[in-house]
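Next come the chains, spelled out residue by residue.
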Amino acid sequence: MTTYKTNKTTFQLNWYANPYHTPLFVAQSKGWLLEEGIDLAILEACSPSDVTEVVGAGKVDMGMKAMIHVLAAKDRGIDLTSFGTILDEPPTGLIFKKSMNIKGIEDLRGKNIGYIGHFGKIMVDDLMKQAGIPQTEYKMVRVGMNVTDAIMRGEIDTGIGFTNFQRIELEELSGEPVGMLRIDELDGLGCCCFCSIQFVASDEYYKNNIPKIEGFMRALRRAMDLTIEYPDEAWDIMCRANPRLNTPLYTKIFQRTLPYFSRDLLNVERDWTKVGDFCKHLDILKNDFDQNSIWTNEHVPSTGTPSVAPVTAGGVLPSKTSPFAVTPEPVAIQA
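Residues numbered from 1 in each chain as written. Predicted model: local features only at pLDDT ≥ 70, side-chain atom pairs only at ≥ 80, totals over all residues. Heavy atoms only, no water.

The subject of this paragraph is the overall build of the protein. Of the regular secondary structure elements, the protein holds 13 helices and 10 strands. Relative to the globule expectation of 20 Å for 335 residues, the C-alpha radius of gyration of the protein, 22 Å, shows essentially globular dimensions. Principal-axis analysis of the C-alpha atoms gives the protein an extent of 90 × 55 × 45 Å. The burial tally for the protein puts 52% of its 335 residues in the buried class. Counting 34 positive and 43 negative side-chain charges, the protein places the centres of these two groups 3 Å from one another. (Helix = DSSP H or I, 4+ residues; strand = E, 2+ residues; numbered from the N terminus. Rg over C-alpha atoms; globule rule 2.2 N^0.38 Å. Buried < 20%, exposed > 50% of the residue type's maximum accessible area, 1.4 Å probe, protein only. Lys, Arg positive; Asp, Glu negative; His and termini not counted. Charge placed at Lys NZ, Arg CZ, Asp CG, Glu CD.)

Covalent bonding between the sulfur atoms of two cysteines is what defines a disulfide. Scanning all chains against the criterion turns up one disulfide. Of all cysteine sulfurs, the one in C193 lies closest to C279, which takes part in no disulfide; the gap is 10 Å. (Disulfide = S-S within 2.5 Å.)

Bringing helix α12 (residues 248-257) into the picture now. The complete set of buried residues in α12 reads L249, Y250, I253, F254 and T257. Each buried residue of α12 lies within a common arc of 135° when the element is viewed along its axis, so the set occupies one face. (Arc of directions from axis to C-beta.)

What follows deals with the packing of helix α1 (residues 22-29) against helix α10 (residues 210-229). One can describe the packing of α1 onto α10 by two numbers: an axis separation of 8 Å at closest approach and a directional angle of 110°. The orientation of α1 relative to α10 falls into the category roughly perpendicular. Read as a crossing pair, α1 and α10 show a hand that is right-handed. Of the residues in α10, those touching α1 at T22, P23, L24, V26 and A27 are F216, A219, L220, A223, M224, L226 and T227. (Axes fitted to C-alpha atoms, helices over the stretch in contact; angles between N-to-C directions. Parallel < 35°, antiparallel > 145°, perpendicular 65-115°, else oblique. Left-handed = near helix turned anticlockwise from the far one by under 90°. Contact = heavy atoms within 4.5 Å.)

F11, L24, F83, F194, F199 and F216 are the most contacted members of the largest nonpolar core, which has 99 residues in total. No other element matches α10, which puts eight residues into this core. For F194, the contacting residues outside a window of four places in its chain are A66, M67, I68, T92, M123, I183, D184, L189 and V275. (Core = buried A, V, L, I, M, F, W, Y, C linked by side-chain atoms within 4.5 Å.)

Right, let's get into the pattern of salt bridges. A full pass over the atoms with the stated rule returns 20 salt bridges. The salt bridge partner of D39 is K8, with a shortest N-O separation of 3.2 Å. Of this pair, D39 sits in the loop between α2 (32-35) and β2 (40-43) while K8 sits in the segment before β1 (9-12), placing them 31 residues apart in sequence. What makes D39 partly exposed here is its relative accessible area of 32%. Judged by its relative accessible area of 40%, K8 is partly exposed. (Salt bridge = Lys/Arg side-chain N within 4 Å of Asp/Glu carboxyl O.)

Taken together, five strands build an open sheet; the order of strands is β7-β6-β8-β5-β9 and the sheet is mixed. Looking at the sheet topology across the chains shown, the edges are occupied by β7 (139-142) and β9 (178-182). On average, each strand axis in the sheet is inclined to that of its neighbour by 35°, with strand direction left out of account. Where strand β6 (residues 112-115) meets strand β8 (residues 158-162), two bridges bridge the pair, whose relative direction is parallel. Bridge assignment links I113 to a residue of β8, and that residue is T158. Sitting on the sheet, helix α5 (residues 118-130) is in contact with β5 (92-97), β6, β7 and β8, with an inclination near 140° to β6. (Pairing = 2+ DSSP bridges.)

Attention now moves to the layout of surface pockets. Considering only enclosed or pocket space, the largest pocket measures out at about 380 Å³ in volume. Taken together, 25 residues make up the lining of the largest pocket; nearest its centre are P48, K65, H69, I116 and G117. Going through the elements one at a time, α3 (51-56), β3 (62-66), α4 (67-72), α5 and β8 are the ones with two or more residues in the lining of the largest pocket. Looking at the lining of the largest pocket, the element that brings in the most residues is α5, giving four residues. When its residues are assigned to classes, the lining of the largest pocket shows 13 nonpolar, eight polar and four charged. (1 Å grid on protein atoms, 1.4 Å probe; cavity = no way out; pocket = protein on both sides within 12 Å on 5 of 7 lines; lining within 4 Å. Points joined across faces, edges and corners; volume = space filled by probe spheres on them. Nonpolar A, V, L, I, M, F, W, Y, C, P; charged D, E, K, R; others polar.)

To continue, consider the pairing of β7. Sheet analysis places β6 next to β7, joined by four bridges and oriented parallel. What sits directly across from N112, in β7, is K139. Handedness of the crossover is the feature at issue here: the chain leaves β6, passes through α5, returns alongside β7, and the resulting connection is right-handed. (Right-handed = clockwise from strand over helix to strand, strands pointing away.)

Distances and angles like these do not, on their own, reveal function.
Quick look at the structure:
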(Lines give C-alpha, C1' and ligand atoms only; values in the text may rest on other atoms or scores of the structure.)
Protein backbone atom coordinates (compact mmCIF):
# COMPACT_ATOMS: atom_id res chain seq x y z
CA MET A 1 0.00 0.00 0.00
CA THR A 2 1.47 3.33 -1.07
CA THR A 3 2.13 6.09 1.44
CA TYR A 4 2.87 8.69 -1.24
CA LYS A 5 0.95 11.95 -0.92
CA THR A 6 0.83 14.56 -3.65
CA ASN A 7 0.79 18.31 -3.18
CA LYS A 8 -1.15 18.77 -6.39
CA THR A 9 -4.67 20.14 -6.42
CA THR A 10 -6.92 18.14 -8.74
CA PHE A 11 -9.56 19.72 -10.97
CA GLN A 12 -12.13 17.71 -12.95
CA LEU A 13 -13.37 19.17 -16.25
CA ASN A 14 -16.94 18.40 -17.27
CA TRP A 15 -15.78 16.95 -20.61
CA TYR A 16 -12.59 16.82 -22.68
CA ALA A 17 -10.58 20.06 -22.72
CA ASN A 18 -12.36 22.38 -25.15
CA PRO A 19 -12.73 26.10 -25.96
CA TYR A 20 -14.98 27.01 -23.03
CA HIS A 21 -12.28 25.77 -20.62
CA THR A 22 -9.81 28.34 -21.94
CA PRO A 23 -9.63 30.59 -18.83
CA LEU A 24 -8.59 27.63 -16.69
CA PHE A 25 -5.67 26.79 -18.98
CA VAL A 26 -4.71 30.47 -19.20
CA ALA A 27 -4.50 30.64 -15.40
CA GLN A 28 -2.31 27.54 -15.37
CA SER A 29 -0.06 28.47 -18.30
CA LYS A 30 0.52 32.02 -17.06
CA GLY A 31 1.67 30.71 -13.69
CA TRP A 32 -1.06 32.59 -11.85
CA LEU A 33 -2.26 29.47 -10.06
CA LEU A 34 1.29 28.68 -8.92
CA GLU A 35 1.58 32.23 -7.61
CA GLU A 36 -1.35 31.33 -5.36
CA GLY A 37 0.42 28.17 -4.21
CA ILE A 38 -1.78 25.91 -6.34
CA ASP A 39 -0.13 23.21 -8.47
CA LEU A 40 -3.21 22.26 -10.49
CA ALA A 41 -3.67 18.90 -12.20
CA ILE A 42 -6.46 19.29 -14.78
CA LEU A 43 -8.35 16.06 -15.45
CA GLU A 44 -10.60 15.38 -18.45
CA ALA A 45 -13.88 13.47 -18.16
CA CYS A 46 -14.73 10.55 -20.42
CA SER A 47 -18.30 10.61 -19.13
CA PRO A 48 -19.71 13.99 -18.02
CA SER A 49 -22.11 12.17 -15.71
CA ASP A 50 -19.17 11.07 -13.52
CA VAL A 51 -18.19 14.60 -12.48
CA THR A 52 -20.70 15.22 -9.68
CA GLU A 53 -19.97 11.82 -8.16
CA VAL A 54 -16.16 12.00 -8.14
CA VAL A 55 -16.09 15.62 -6.94
CA GLY A 56 -18.89 15.07 -4.44
CA ALA A 57 -17.13 12.01 -3.03
CA GLY A 58 -13.91 13.99 -2.57
CA LYS A 59 -11.98 11.84 -5.05
CA VAL A 60 -11.15 15.08 -6.90
CA ASP A 61 -10.69 18.44 -5.18
CA MET A 62 -12.62 20.78 -7.49
CA GLY A 63 -14.42 20.68 -10.80
CA MET A 64 -17.04 22.29 -13.04
CA LYS A 65 -20.59 21.28 -13.82
CA ALA A 66 -23.84 22.75 -15.17
CA MET A 67 -26.06 24.47 -12.62
CA ILE A 68 -28.96 22.06 -13.05
CA HIS A 69 -26.69 19.09 -12.35
CA VAL A 70 -25.29 20.71 -9.20
CA LEU A 71 -28.85 21.02 -7.90
CA ALA A 72 -29.98 17.61 -9.14
CA ALA A 73 -27.04 16.00 -7.34
CA LYS A 74 -28.81 16.81 -4.07
CA ASP A 75 -31.49 14.29 -5.03
CA ARG A 76 -28.77 11.61 -5.01
CA GLY A 77 -27.28 12.68 -1.70
CA ILE A 78 -24.30 14.44 -3.29
CA ASP A 79 -23.47 17.72 -1.54
CA LEU A 80 -21.67 20.28 -3.70
CA THR A 81 -20.94 23.98 -3.23
CA SER A 82 -20.71 26.35 -6.20
CA PHE A 83 -18.16 29.11 -5.61
CA GLY A 84 -18.18 30.78 -9.03
CA THR A 85 -19.27 30.72 -12.66
CA ILE A 86 -17.20 30.24 -15.84
CA LEU A 87 -19.95 30.19 -18.49
CA ASP A 88 -23.18 32.20 -18.36
CA GLU A 89 -26.38 30.98 -20.02
CA PRO A 90 -25.12 29.28 -23.20
CA PRO A 91 -28.29 28.67 -25.27
CA THR A 92 -29.06 24.96 -25.09
CA GLY A 93 -31.61 22.89 -26.93
CA LEU A 94 -32.39 20.18 -29.45
CA ILE A 95 -30.20 20.62 -32.53
CA PHE A 96 -30.94 19.11 -35.93
CA LYS A 97 -30.07 19.38 -39.59
CA LYS A 98 -32.50 21.64 -41.46
CA SER A 99 -33.26 18.76 -43.82
CA MET A 100 -35.06 17.05 -40.91
CA ASN A 101 -37.78 19.71 -41.36
CA ILE A 102 -38.30 20.14 -37.61
CA LYS A 103 -40.23 23.35 -36.92
CA GLY A 104 -41.62 22.71 -33.45
CA ILE A 105 -42.10 20.11 -30.77
CA GLU A 106 -44.91 18.39 -32.68
CA ASP A 107 -42.35 17.45 -35.33
CA LEU A 108 -40.52 15.30 -32.77
CA ARG A 109 -43.14 12.57 -33.08
CA GLY A 110 -41.49 9.42 -34.43
CA LYS A 111 -37.99 10.83 -33.90
CA ASN A 112 -34.95 9.41 -32.13
CA ILE A 113 -33.86 12.05 -29.61
CA GLY A 114 -30.36 12.11 -28.11
CA TYR A 115 -29.64 13.22 -24.57
CA ILE A 116 -26.50 13.66 -22.47
CA GLY A 117 -27.44 12.15 -19.12
CA HIS A 118 -30.38 11.19 -16.93
CA PHE A 119 -31.65 14.71 -16.35
CA GLY A 120 -31.58 15.55 -20.05
CA LYS A 121 -34.05 12.73 -20.58
CA ILE A 122 -36.23 14.03 -17.76
CA MET A 123 -36.33 17.50 -19.37
CA VAL A 124 -37.29 16.17 -22.81
CA ASP A 125 -39.87 13.74 -21.43
CA ASP A 126 -41.45 16.63 -19.50
CA LEU A 127 -41.62 18.79 -22.63
CA MET A 128 -43.25 15.97 -24.59
CA LYS A 129 -45.72 15.41 -21.77
CA GLN A 130 -46.64 19.11 -21.86
CA ALA A 131 -47.21 18.78 -25.62
CA GLY A 132 -49.39 15.70 -25.15
CA ILE A 133 -46.95 13.41 -26.99
CA PRO A 134 -46.79 9.94 -25.38
CA GLN A 135 -43.42 8.21 -24.88
CA THR A 136 -44.50 5.52 -27.35
CA GLU A 137 -44.28 8.11 -30.16
CA TYR A 138 -40.59 8.99 -29.78
CA LYS A 139 -37.40 7.27 -28.66
CA MET A 140 -34.82 8.63 -26.24
CA VAL A 141 -31.20 7.61 -26.92
CA ARG A 142 -28.37 8.30 -24.47
CA VAL A 143 -25.39 9.65 -26.45
CA GLY A 144 -23.52 11.64 -23.80
CA MET A 145 -21.82 14.74 -25.16
CA ASN A 146 -21.39 13.11 -28.58
CA VAL A 147 -24.65 14.37 -30.04
CA THR A 148 -23.01 15.59 -33.26
CA ASP A 149 -21.45 12.21 -34.05
CA ALA A 150 -24.71 10.44 -33.26
CA ILE A 151 -26.63 12.66 -35.69
CA MET A 152 -24.00 12.20 -38.38
CA ARG A 153 -24.12 8.40 -37.94
CA GLY A 154 -27.90 8.45 -38.20
CA GLU A 155 -28.42 7.06 -34.70
CA ILE A 156 -30.57 10.02 -33.71
CA ASP A 157 -32.53 12.72 -35.55
CA THR A 158 -31.95 15.45 -32.97
CA GLY A 159 -30.21 15.82 -29.64
CA ILE A 160 -29.32 18.20 -26.81
CA GLY A 161 -26.41 20.54 -27.49
CA PHE A 162 -25.00 24.05 -27.02
CA THR A 163 -25.56 26.69 -29.71
CA ASN A 164 -21.88 27.67 -29.39
CA PHE A 165 -20.54 24.11 -29.62
CA GLN A 166 -22.44 21.11 -30.99
CA ARG A 167 -24.56 23.28 -33.27
CA ILE A 168 -21.40 24.64 -34.91
CA GLU A 169 -19.90 21.15 -35.12
CA LEU A 170 -22.98 19.86 -36.89
CA GLU A 171 -23.02 22.76 -39.35
CA GLU A 172 -19.36 22.15 -40.26
CA LEU A 173 -19.59 18.38 -40.54
CA SER A 174 -22.96 18.14 -42.30
CA GLY A 175 -22.44 21.07 -44.65
CA GLU A 176 -26.00 22.25 -44.17
CA PRO A 177 -27.80 24.77 -41.92
CA VAL A 178 -28.63 23.57 -38.43
CA GLY A 179 -31.71 24.47 -36.41
CA MET A 180 -32.36 24.42 -32.68
CA LEU A 181 -35.41 24.15 -30.44
CA ARG A 182 -34.23 25.99 -27.30
CA ILE A 183 -35.29 24.24 -24.11
CA ASP A 184 -35.59 27.50 -22.19
CA GLU A 185 -38.03 28.84 -24.82
CA LEU A 186 -40.08 25.63 -24.96
CA ASP A 187 -40.39 25.74 -21.17
CA GLY A 188 -40.90 29.51 -21.02
CA LEU A 189 -38.04 29.92 -18.54
CA GLY A 190 -36.92 33.32 -19.81
CA CYS A 191 -33.23 32.37 -19.69
CA CYS A 192 -30.95 29.43 -20.40
CA CYS A 193 -29.37 29.63 -16.95
CA PHE A 194 -29.86 25.92 -16.21
CA CYS A 195 -26.82 25.22 -18.38
CA SER A 196 -24.54 27.88 -16.86
CA ILE A 197 -21.29 26.16 -15.88
CA GLN A 198 -20.21 26.46 -12.23
CA PHE A 199 -16.99 25.93 -10.30
CA VAL A 200 -17.77 23.35 -7.62
CA ALA A 201 -16.27 21.37 -4.75
CA SER A 202 -17.69 18.98 -2.21
CA ASP A 203 -19.10 20.73 0.84
CA GLU A 204 -16.35 19.21 2.98
CA TYR A 205 -13.50 20.26 0.69
CA TYR A 206 -14.93 23.74 0.35
CA LYS A 207 -15.25 24.27 4.11
CA ASN A 208 -11.73 22.98 4.83
CA ASN A 209 -9.88 24.75 2.00
CA ILE A 210 -11.12 28.35 1.91
CA PRO A 211 -7.63 29.87 1.30
CA LYS A 212 -7.13 27.57 -1.69
CA ILE A 213 -10.58 28.40 -3.07
CA GLU A 214 -9.79 32.11 -2.75
CA GLY A 215 -6.40 31.70 -4.46
CA PHE A 216 -8.01 29.70 -7.27
CA MET A 217 -10.59 32.41 -7.87
CA ARG A 218 -7.98 35.18 -7.85
CA ALA A 219 -6.04 33.34 -10.56
CA LEU A 220 -9.22 32.72 -12.57
CA ARG A 221 -10.19 36.40 -12.24
CA ARG A 222 -6.93 37.36 -13.97
CA ALA A 223 -7.36 34.62 -16.58
CA MET A 224 -10.93 35.62 -17.41
CA ASP A 225 -9.87 39.25 -17.85
CA LEU A 226 -7.17 38.19 -20.30
CA THR A 227 -9.47 35.79 -22.17
CA ILE A 228 -12.11 38.47 -22.74
CA GLU A 229 -9.78 41.41 -23.39
CA TYR A 230 -7.09 39.54 -25.38
CA PRO A 231 -8.91 36.54 -26.89
CA ASP A 232 -6.27 35.85 -29.55
CA GLU A 233 -3.57 35.50 -26.89
CA ALA A 234 -5.84 33.34 -24.74
CA TRP A 235 -6.70 31.04 -27.64
CA ASP A 236 -3.02 30.70 -28.55
CA ILE A 237 -2.31 29.61 -24.96
CA MET A 238 -5.18 27.11 -25.09
CA CYS A 239 -3.98 25.60 -28.36
CA ARG A 240 -0.40 25.29 -27.09
CA ALA A 241 -1.71 23.39 -24.08
CA ASN A 242 -4.07 21.31 -26.25
CA PRO A 243 -2.65 21.14 -29.83
CA ARG A 244 -5.59 19.11 -31.16
CA LEU A 245 -7.78 22.22 -30.72
CA ASN A 246 -5.73 24.22 -33.23
CA THR A 247 -8.23 23.81 -36.07
CA PRO A 248 -10.64 26.18 -37.86
CA LEU A 249 -13.61 24.37 -36.25
CA TYR A 250 -12.45 24.78 -32.66
CA THR A 251 -11.33 28.34 -33.36
CA LYS A 252 -14.87 29.13 -34.52
CA ILE A 253 -16.31 27.46 -31.41
CA PHE A 254 -14.03 29.58 -29.21
CA GLN A 255 -15.12 32.76 -31.00
CA ARG A 256 -18.80 31.87 -30.58
CA THR A 257 -18.19 31.06 -26.89
CA LEU A 258 -16.65 34.44 -26.01
CA PRO A 259 -20.01 36.19 -25.37
CA TYR A 260 -20.95 33.54 -22.81
CA PHE A 261 -17.85 33.69 -20.62
CA SER A 262 -18.78 35.05 -17.20
CA ARG A 263 -17.09 38.43 -16.97
CA ASP A 264 -17.55 38.72 -13.21
CA LEU A 265 -17.43 34.98 -12.28
CA LEU A 266 -20.40 35.51 -9.96
CA ASN A 267 -23.18 33.12 -9.12
CA VAL A 268 -26.48 34.82 -10.01
CA GLU A 269 -29.21 34.53 -7.37
CA ARG A 270 -32.00 34.98 -9.93
CA ASP A 271 -30.66 32.03 -11.92
CA TRP A 272 -30.29 29.71 -8.93
CA THR A 273 -33.81 30.59 -7.82
CA LYS A 274 -35.26 29.94 -11.27
CA VAL A 275 -33.29 26.73 -11.94
CA GLY A 276 -34.11 25.43 -8.47
CA ASP A 277 -37.82 25.98 -9.11
CA PHE A 278 -37.41 24.27 -12.50
CA CYS A 279 -35.80 21.27 -10.77
CA LYS A 280 -38.72 21.14 -8.35
CA HIS A 281 -41.11 21.18 -11.31
CA LEU A 282 -39.18 18.24 -12.78
CA ASP A 283 -39.39 16.50 -9.39
CA ILE A 284 -35.61 16.17 -9.07
CA LEU A 285 -35.36 18.50 -6.07
CA LYS A 286 -37.47 18.49 -2.91
CA ASN A 287 -39.92 21.37 -2.68
CA ASP A 288 -38.67 22.44 0.74
CA PHE A 289 -35.00 22.65 -0.32
CA ASP A 290 -33.46 26.14 -0.47
CA GLN A 291 -31.59 26.22 -3.79
CA ASN A 292 -29.77 29.38 -2.73
CA SER A 293 -28.05 27.53 0.11
CA ILE A 294 -25.49 25.73 -2.08
CA TRP A 295 -23.67 28.64 -3.68
CA THR A 296 -21.56 31.57 -2.55
CA ASN A 297 -19.88 34.65 -4.04
CA GLU A 298 -17.83 35.25 -0.91
CA HIS A 299 -14.55 34.34 -2.59
CA VAL A 300 -15.06 35.93 -6.02
CA PRO A 301 -12.63 38.85 -6.47
CA SER A 302 -13.78 42.12 -7.98
CA THR A 303 -13.55 42.66 -11.72
CA GLY A 304 -10.39 44.09 -13.24
CA THR A 305 -6.94 45.00 -11.94
CA PRO A 306 -6.13 48.75 -11.97
CA SER A 307 -2.81 49.60 -13.62
CA VAL A 308 -2.55 53.15 -12.24
CA ALA A 309 -3.50 54.86 -9.00
CA PRO A 310 -6.41 57.34 -8.93
CA VAL A 311 -5.58 61.01 -9.42
CA THR A 312 -7.24 61.70 -6.07
CA ALA A 313 -5.89 59.40 -3.37
CA GLY A 314 -8.51 56.76 -2.66
CA GLY A 315 -10.63 57.84 -5.64
CA VAL A 316 -13.50 60.28 -5.82
CA LEU A 317 -15.78 57.67 -4.22
CA PRO A 318 -13.49 56.07 -1.61
CA SER A 319 -14.33 52.46 -0.89
CA LYS A 320 -13.00 49.77 1.38
CA THR A 321 -12.67 47.56 -1.69
CA SER A 322 -10.48 50.01 -3.64
CA PRO A 323 -6.97 48.57 -4.15
CA PHE A 324 -5.63 52.11 -3.69
CA ALA A 325 -7.83 53.13 -0.77
CA VAL A 326 -6.13 55.29 1.80
CA THR A 327 -7.12 56.58 5.20
CA PRO A 328 -7.49 60.37 5.06
CA GLU A 329 -5.18 62.38 7.28
CA PRO A 330 -7.07 63.90 10.21
CA VAL A 331 -7.78 67.59 9.77
CA ALA A 332 -7.08 69.83 12.76
CA ILE A 333 -9.90 72.24 13.49
CA GLN A 334 -8.84 75.49 15.09
CA ALA A 335 -11.10 77.15 17.57
